[in-house]
Amino acid sequence: MLIPAFKLEMKNPILPGLAVIGKYDGTSPCLTWVSSTAGRVFIHNPHERDQFSGAELKQLNMNRKITAIATGRINPKSTKDTLLVGAQTTLFAYDHHSNADVFYKDVPDGVNAMKVGTINAYEHPLAIVGGNCSIQGFDHEGNEQFWTVTGDNVACLEFVDVDQDGRMEMLVGSEDFEIRIFQDEEVVSEVTETGPVVGLAGIRGTRYGYALANGTIGVYDRNQRVWRVKSKNTVSAIVGFDLDADGEPELISGWTQGRVEVRSDRSGEVVFKDNLNQAVSAIVKADYRKDGNQQIIVCGASGEVRAYLPADSELNGNLMDANVELDKLHDLTQQQAELQMELRNLTENMKAAASGSSQAGLIPTNTRTTTRIEVSRQDRCVYLAVRTSSEEARVRSLVVFADQIFEGESHVAHETAAGQELRVRLAPQKDVAVTLAINALVGGRGSSAYHVFEIEAQLPKFAMYAKATAEDGPEPLSYVRFKVGERGPQVKAWANNAFSPEVVPEPDSPKLSSLRLISMRTGRRLTLLLEGGVVTLGTDDMELAGDLVQDLCQSLQVGELESEADFAQEMGAFQQVLQRVDELNAVRLKMTVDMADSSNIVKQLVIRAEDARMLGEMVAMRKTYTQLHALNQDLIGEYRKRTYNHDQLLEALKEVNHMIQKAARLRVGHAKGRIVAACRAAIKSNSIHALFKIIQSGKE
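Notes on the structure follow. Fair warning: this is a prediction, and the values are worked out from it, not measured in the lab. (Residues numbered from 1 in each chain as written. Predicted model: local features only at pLDDT ≥ 70, side-chain atom pairs only at ≥ 80, totals over all residues. Heavy atoms only, no water.)

### Focus on the sheet that holds strand β17 (residues 186-192)
Part 1 of the reasoning: As summarised here, the arrangement of the four strands in space is β14-β15-β16-β17, forming an open sheet in which the pairing is antiparallel. Single-partner strands in this sheet number two, and they are β14 (154-160) and β17. Sheet twist, expressed as the mean angle between neighbouring strand axes with direction ignored, is 20°.
Part 2 of the reasoning: Of the pairings in the sheet, the one linking strand β16 (residues 178-183) to β17 comprises six bridges and is antiparallel in character. (Pairing = 2+ DSSP bridges. Helix = DSSP H or I, 4+ residues; strand = E, 2+ residues; numbered from the N terminus. Axes fitted to C-alpha atoms, helices over the stretch in contact; angles between N-to-C directions.)

### Some words on the environment of P108
Part 1 of the reasoning: Relative to the helices and strands, P108 resides in the loop between β9 (100-106) and β10 (113-117).
Part 2 of the reasoning: With 35 residues separating them along the chain, P108 and N143 place their C-alpha atoms 15 Å apart.
Part 3 of the reasoning: The residues contacting P108, other than those within four sequence positions of it, are T89, L650 and L653. (Contact = heavy atoms within 4.5 Å.)

### Considering the pairing of strand β30 (residues 381-388)
Part 1 of the reasoning: Most of β30 is tucked away, with seven of its eight residues classed as buried.
Part 2 of the reasoning: Inspection of the sheet shows strand β29 (residues 369-376) paired to β30 by eight bridges, in the antiparallel sense. Looking at the pairing, R372 lines up with A385 of β30.
Part 3 of the reasoning: The antiparallel pairing of β29 with β30 creates a hairpin that spans four residues between the two strands, and R380 there sits at a positive phi of about 55°. (Buried < 20%, exposed > 50% of the residue type's maximum accessible area, 1.4 Å probe, protein only.)

### Re the sheet that holds strand β13 (residues 144-149)
Part 1 of the reasoning: Strand order in the open sheet formed by four strands is β10-β11-β12-β13, and the pairing between neighbours is antiparallel. Bordering the open sheet on either side are β10 and β13, each of which pairs with just one other strand. In this sheet, neighbouring strand axes are inclined to one another by 20° on average, regardless of whether the strands run parallel or antiparallel.
Part 2 of the reasoning: As paired strands, strand β12 (residues 134-138) and β13 are joined by five bridges and run antiparallel to one another. The partner of G137 across the bridge, within β13, is F146.
Part 3 of the reasoning: The strands touched by helix α6 (residues 670-684) are β12 and β13; relative to β13, the strand with the most contacts, the crossing angle is about 110°.

### Some remarks on the state of the cysteines
Part 1 of the reasoning: According to the stated counting rule, one finds zero disulfides in the structure shown.
Part 2 of the reasoning: C679 takes part in no disulfide bond, and the closest cysteine sulfur to it belongs to C133, at a distance of 14 Å. (Disulfide = S-S within 2.5 Å.)

### A look at the packing of aromatic side chains
Part 1 of the reasoning: Within this structure, the stated rule accounts for eleven aromatic pairs.
Part 2 of the reasoning: When the ring of F92 is compared with that of Y94, the centres are 6.1 Å apart and the planes differ by 25°; the resulting orientation is stacked. Each member of the pair, F92 as well as Y94, is classed as buried.
Part 3 of the reasoning: Among the aromatic residues, those joined into a cluster by ring pairs are F462, Y465, W494 and F499. (Phe/Tyr/Trp six-rings, centres within 6.5 Å; stacked < 30°, edge-to-face > 60°.)

### Quick notes on the pairing of strand β25 (residues 270-275)
Part 1 of the reasoning: Here five bridges tie strand β24 (residues 259-263) to β25, and the two strands are oriented antiparallel to one another. Bridge assignment links R259 to a residue of β25, and that residue is N275.
Part 2 of the reasoning: The loop that links β24 with its antiparallel partner β25 comprises six residues; one of these, G268, has a positive phi angle of about 80°.

### Here's the deal with helix α4 (residues 568-614)
Because each turn of an α-helix spans 3.6 residues, side chains separated by three or four positions in sequence point in the same direction.
Part 1 of the reasoning: For α4, with 47 residues, the first-to-last C-alpha span of 69 Å sits near the 69 Å given by 1.5 Å per residue.
Part 2 of the reasoning: One or two positions beyond α4, positive phi appears at G616, with a value near 80°. (Expected span 1.5 Å × (residues − 1).)

### Some words on the side chain of Q550
Part 1 of the reasoning: In this structure, Q550 sits in helix α3 (residues 542-556).
Part 2 of the reasoning: Residue Q550 is classed as buried on the basis of its relative accessible area of 16%.
Part 3 of the reasoning: Among the polar contacts made by the side chain of Q550, one reaches the main-chain carbonyl oxygen of R667 at a distance of 2.9 Å. (Polar contact = N/O pair within 3.5 Å; in protein donor to acceptor, adjacent residues only side chain to side chain.)

### What to know about the nonpolar core
Part 1 of the reasoning: Of all hydrophobic cores here, the largest spans 92 residues; its most connected members are L384, L436 and F499.
Part 2 of the reasoning: Discounting residues that sit within four places of it in the chain, L384 has contacts with T371, R372, I373, V400, L422, R423, V424, L426, L436, I438 and A457.
Part 3 of the reasoning: Among the nonpolar cores identified, the runner-up in size contains 16 residues, and M10, A19, I21 and Y288 belong to it. (Core = buried A, V, L, I, M, F, W, Y, C linked by side-chain atoms within 4.5 Å.)

### As for the pattern of salt bridges
Part 1 of the reasoning: Per the counting criterion, the structure on display carries 42 salt bridges.
Part 2 of the reasoning: When the shortest N-O distance is used, the salt bridge between E158 and K115 registers 3.5 Å. Here E158 is found in strand β14, whereas its partner K115 is found in strand β10, with 43 residues between them in sequence.
Part 3 of the reasoning: One salt-bridge network, in which partners are shared between bridges, spans E193, R225, R228, K230, D403 and E409. (Salt bridge = Lys/Arg side-chain N within 4 Å of Asp/Glu carboxyl O.)

Right, here's the structure in full:
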C-alpha cells in the first residue's frame, strides 16, 4: 500500500483547477493557488520564510475574479518562473521573486484556460491563453505573438508531441465536445467526445489523457481512443505520472467526492486509489522537498495537501492494499460464476441438438446476422436494421452502444412478438461517424434462452441526409467551390462512405456527377456537383460546408486546398454582428468614462463629509452622506449595466471568432492559417470590406 510522503494543512480553500507549481527563484518549487473568488492568491514556499513574519505562506490580493492561473519561464533571459493570473478580460504577469509587475494586458476574448508552451513558429515560450473561440499567445513583454480560432470556448490546454516529429503540438479541449490538435495555427486533427472537455494531460509519447464534464476519463494515442471509463461523479483534475515506478506513467485523476485514482495508461485498470475527506481541487507534480525525487501533489478543496512518492522497487508495482485485492477477487469470482452458467446452457443446448429436440433456445447452427442503415424521410431519422439469415432465428432484443448518439451511451430495443428482423431508430444531433457496437439476442420460436451475437455496424458521418425531390424547394444559393483534379472515383468512394448508400446514385458506378439531398434535421438543401475536376458544394450552412470540405480532403489525403465561397445570408448576419461589436465597445467606453467621473465625485463627497464631521456640522455631514448614498446606488446600477454590456460583448466576439473558424475550415493546410491571420489583421484595422473578401476568396 502506498502511503503519502507528507501532508500539509494550508488552512485556506483551494479553488478547483486553480493550483500550480512555480519556481519563482529558479530553483525552489512553490505551491500557488487561488483561495477565493475575490482574487486572493497564496504562495507556499517551504524553503524560504518571510523575513518579517517568518511564515512560509505569502498572500497576493488581485481584487478581481480569477479564472485561470499558470506559471512558466516566458522570459528567455531569465531562469525564474513568471506567475500568470487570468481574469475575465485581463491577463496579469507578476515576478514574485522581485515583487514586480511584468505586464498587464486586456484580453477581450476572456481567459478560460492558460498554459506556458512553445509554438513552433516562435523561438521562445509564450503564455498561451484560451478564451471565447480564440487562442492567443503573449511573450514576456505582453506583446501578442500568436492568435488563432477554435470552434467553441476553450476549457483546457496541453502540449504533447502527438506525431513524434520532435515538435510539440498544442491540444485544445473545448465546450463543443471536441479535442483539437494544432500545429501552429492549423488544426491537424480533431476528435469528437461525448461531453465538454474539461481536462487534458500528456502521459508519454503520443498518448494523452482527457476528462469530460460528464464524469468520463480516458486515454488517446494520437487520435485513436485506447480506453475510457465513466463515473457518476465529476472529475476535477488529471495528470500523467509514473507512480508505480514501472517506467510507464499512469493517468492520475482527482474527483469531487475526494477520490484519487491511478489507472494504467494501457488498459485503464485501477492500480491505486486513495480518498480525501474533501473534494480534490487540483493535482500537480514537483520535487517539493528538493531531494531529487519528484512527488505527485494532491490538493483538497479545504486546503489539505498530500504528496505521494513513486513506489519502492520491492512493491513490484503493486500499490493496492488488501481490501482492494479482495474486491478484485470478488469480481473475478462473480465473473467465473457467470461463465460457468453460460457453459451449462451451451452444454444443454448441444445435448438437445444431438437428440433432435426442438426445445426453446435452439437456432440453426449456420445462423448469421446482417445489418443495414435505412433512411426514413417520413420519420426524419435513420433506422438500424438487424436481420437473421434463418426464419427459425428470431431477434428478440438489441442492445446498441454508441456514445455519441444516445444520451446514456446505450439503447435497448425489443418487441413482444419477435421476428426475423428488428429495427432501432437513430437520430444523431451532430454529423459524426460512429461505430455501433450491437448485442443481438437471438432465439428460436417461443424461446426462453437466447444466443448473443456481437456485431458492429458503421453509421456514416452524414447519415441524416436524404434524397431531395422537386417539392423540396429551390436549391441553395450559397456555395463553396474548389478543385480536386482527376479524382472523380475517389470522390465517389468518399460519398459512398460519408452518406447512406441509398442516397448516392448509381452506387456501382465509379463516377459521381451530382448529389441532391436534404437535411432531415433542419430541412435545408444540400447539393454536390463534380464537373471538370471542380467540386461545388451548395448549402446555406457554412459550418456544414466546412465539415464536408474537411471530411472530403481527409478522405482524398489532400494536404493543401484553396477555395472560393459565397454565403450571402451568413455574411449579412455577420455584418450585423460586427456592427453590434462596435456599438457595444462605444457604450463600454462611455460607461467607463462616466464611472471614472462618478468615482472622483465620491472621493470629493467623502472628504467633504469628513470635514463636516470634524467641524461638528452634523446637518451638512448628513446631507453629504445622503448624496454619497444616492451616488453609490447609481454606481451599483451602472456596474450592472457594464456587466450586461460585457456579457453581450463577449457573446458578439465569440460569434466573430466562430465565423473566422468557419471560413478557415473551407480551406486546408497553410491556406487555413493564412485565412485566420488575414481575418485577424482586417478586424484590427476595422476593414470590413477586406474581411469579407478574405472569407469569400481566401486572399487579401
